[in-house]
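# Commentary on secondary and tertiary structure
These are the residues of each chain, in order.
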Amino acid sequence: MPVDQWLRGAAFGDAPGADVWRVAGAGEPPGRRWLAAVVLGGQGRYAAAATVLTELLACPDRVTASLAASTFASHRRQLGAHAAARPLDALALRLASGRTGASTRTPDPDGVDRAGATVDALLGLAADAVGLGRPGQARRLLAAAGRAATDPAAAGRSAGPMASWRARVRLGWLAAEVELAAGNPDAAVRPAREALAECRRRGAVRHEAKSMLVLAAALATAGDRTAALALLPDVTALADRHGLVPLAWPAGLLLAELTSGEHDFAAAGHRERTRHALRIVFSRADAPLRAAVRGSLWVPSDMLRTGDSAERSSAGEIHGKYVIGTCQGLTPRDR
């Protein structure tokens with residue numbers, strides 16, 4: 001299989017657990033290195049991804065540099081560092097908005113083009129706003145991302161398919177999260193379901209797992225615990241099978257919360273698996289991200305003992321905040 005096709009399958013398809021180390025090095029083309037960094041981040045290898053992405057921020061190709069900035073920001077958010085993610089998302093938008101010549105390119109099916117970079121940056125800023133407790137701003141940014149995804153002129157492309165499948169999925173995630181942040185859990189269910197259906201049509205395993213997690217959070221918040229509990233074991237199964245540790249620990253945390261009380265033995269098992277996954281993520285994080293984890297009130301104190309003195313929330317106390325951050329990693333201290 002050609003390297004580029006294999007990398008696409010790892011980043012956006014059925015092989016998110018692939019070993020991409022050999023194509024993450026400086027001798028590879030920037031586009032391949034970015035795809036490798038996407039895969040590494042999906043596996044929770046944040047320090048390795050950060051090394052690649054930091055270098056790509058200076059890439060002469062502004063689209064690649066923009067995508068790198070958005071990816072770097074998403075990795076910050078996954079452990080609650082929304083304040084640190086926001087400047088990276090702003091940089092991504094500036095880079096995508098510059099002259100790139102992308103309007104002459106054939107639209108990329110996965111959104112790896114100027115249009116996709118623009119949407120990624122706007123959605124990243126919307127996610128930052130959700131995490132920083134600014135739902136009104138998040139809604140406006142989400143609307144801007146929707147316009148960029150459906151208007152060729154706004155995204156600097158010729159007429160053709162309006163949005164990549166990846167843009168549609170991420171729009172669904174953010175729409176659900178914005179509704180949850182605004183206290184409208186019932187309204188969050190539909191976009192979460194649509195995102196999941198899109199992922200399944202594309203065979204995008206990592207995106208499918210996150211979509212199930214977003215939908216489970218929406219259903220749980222809307223009061224349908226049974227439906228949420230039916231989804232979460234599939235999330236953990238996919239995460240375990242493909243090494244998607246950043247999805248394993250929030251799924252475990254939500255499972256622990258939803259089974260607490262009625263099934264305390266099961267809840268204890270979920271909490272232990274969550275603790276183990278969090279420690280793996282922490283061990284693979286770069287120094288700035290490790291500092292964010294240590295200071296994050298969102299990470300339960302009994303899940304990660306690092307010797308710091310910060311008082312953190314219990315799982316029950318953070319559940320309400322968790323369901324509107326899901327895989328982003330809401331950080332109350334950042335609000």
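Our subject in this report is the structure included herewith. (Residues numbered from 1 in each chain as written. Predicted model: local features only at pLDDT ≥ 70, side-chain atom pairs only at ≥ 80, totals over all residues. Heavy atoms only, no water.)

## Things to note about the overall build of the protein chain
- Tallying secondary structure elements over the protein chain gives 16 helices and zero strands in all.
- When burial is assessed residue by residue, the protein chain has 57% of its 335 residues classed as buried.
- A fraction of 63% describes how many contacts in the protein chain between residues 6 or more apart in sequence connect residues 24 or more apart.
- For the protein chain, the computed accessible surface area is about 13,100 Å², with 53% contributed by carbon and sulfur atoms. (Helix = DSSP H or I, 4+ residues; strand = E, 2+ residues; numbered from the N terminus. Buried < 20%, exposed > 50% of the residue type's maximum accessible area, 1.4 Å probe, protein only. Contact = heavy atoms within 4.5 Å. Areas by Shrake-Rupley, 256 points an atom, 1.4 Å probe, with all protein chains shown as cover.)

## Thoughts on the environment of Asp286
- As for its position among the elements, Asp286 is in the loop between α14 (264-283) and α15 (287-295).
- Given the relative accessible area of 11%, Asp286 is considered buried.
- Taking the C-alpha atoms as reference, Asp286 lies 7.1 Å from Ala50; in sequence the two are 236 residues apart.
- Once residues lying within four places of it in the same chain are set aside, the contact partners of Asp286 are Tyr46, Ala47, Ala50 and Arg76.
- At 2.6 Å, the side chain of Asp286 forms a polar contact with the side chain of Arg76. (Polar contact = N/O pair within 3.5 Å; in protein donor to acceptor, adjacent residues only side chain to side chain.)

## Side note on the side chain of His207
- Relative to the assigned elements, His207 resides in helix α11 (residues 205-221).
- Beyond its immediate sequence surroundings of up to four residues, His207 is in contact with Ala11, Phe12, Trp165, Arg166, Val169, Trp173 and Cys199.

## Details of the packing of aromatic side chains
- Inspection of the entire model under this criterion finds two aromatic pairs.
- Taking 6.4 Å as the distance between ring centres and 80° as the angle between the ring planes, the aromatic pair formed by Phe12 and Trp165 counts as edge-to-face. One end of the pair, Phe12, is in helix α1 (residues 3-12); the other, Trp165, is in helix α9 (residues 165-181), and 153 residues separate them in sequence.
- Given the relative accessible area of 6%, Phe12 is considered buried.
- The exposure class of Trp165 is buried, given its relative accessible area of 2%. (Phe/Tyr/Trp six-rings, centres within 6.5 Å; stacked < 30°, edge-to-face > 60°.)

## Digging into helix α10 (residues 185-202)
- Taking 1.5 Å per residue as the helical rise, α10 with its 18 residues ought to reach 26 Å, and the 26 Å between its terminal C-alpha atoms agrees with that figure.
- Of all the residues in α10, the buried ones are Pro185, Ala188, Val189, Pro191, Ala192, Ala195, Leu196, Glu198 and Cys199.
- Residues of α10 that are buried sit in contact with α9 and α11.
- Gly203 occupies a position one or two residues after α10 and carries a positive phi of about 70°. (Expected span 1.5 Å × (residues − 1).)

## Some details on the packing of helix α4 (residues 62-77) against helix α5 (residues 82-97)
- At a minimum axis distance of 8 Å, the contact between α4 and α5 shows a crossing angle of 165°. Here α5 runs roughly antiparallel to α4, going by the angle between their axes. Remark: the crossing between α4 and α5 carries left-handed chirality. Facing α4, whose interface residues are Arg62, Ala65, Ser66, Ala69, Ser70, Phe72, Ala73, Arg76 and Arg77, α5 presents His82, Ala85, Leu88, Asp89, Leu91, Ala92, Arg94, Leu95 and Ala96. (Axes fitted to C-alpha atoms, helices over the stretch in contact; angles between N-to-C directions. Parallel < 35°, antiparallel > 145°, perpendicular 65-115°, else oblique. Left-handed = near helix turned anticlockwise from the far one by under 90°.)

## Remarks on the side chain of Asp108
- Considering the arrangement of structural elements, one finds Asp108 in the loop between α5 and α6 (114-131).
- Given the relative accessible area of 16%, Asp108 is considered buried.
- At 2.8 Å, the side chain of Asp108 and the side chain of Arg8 are in polar contact.
- Here Asp108 is in contact with Arg8, Asp113 and Ser164, once residues within four sequence places are set aside.

## Remarks on the environment of Val235
- Counting through the fold element by element, Val235 comes out in helix α12 (residues 225-242).
- In sequence terms Val235 and Ala248 are 13 residues apart; their C-alpha atoms lie 7.4 Å from each other.
- Other than its neighbours up to four places away in sequence, Val235 contacts Ala209, Met212, Leu213, Leu247 and Ala251.

## What to know about the packing of α11 against helix α13 (residues 245-259)
- Orientation of α11 relative to α13, taken along the N-to-C sense of each, is 25°, at an axis distance of 11 Å. Viewed along their axes, α11 and α13 adopt a mutual orientation that is roughly parallel. Considering how the two elements wind past one another, α11 and α13 form a crossing that is left-handed. Contacts between α11 and α13 involve Arg206, Ala209, Lys210, Leu213, Ala216, Ala217 and Ala220 from the first element and Leu247, Pro250, Ala251, Leu254 and Leu258 from the second.
- A per-class count over the contact of α11 with α13 returns 10 nonpolar, no polar and two charged. (Nonpolar A, V, L, I, M, F, W, Y, C, P; charged D, E, K, R; others polar.)

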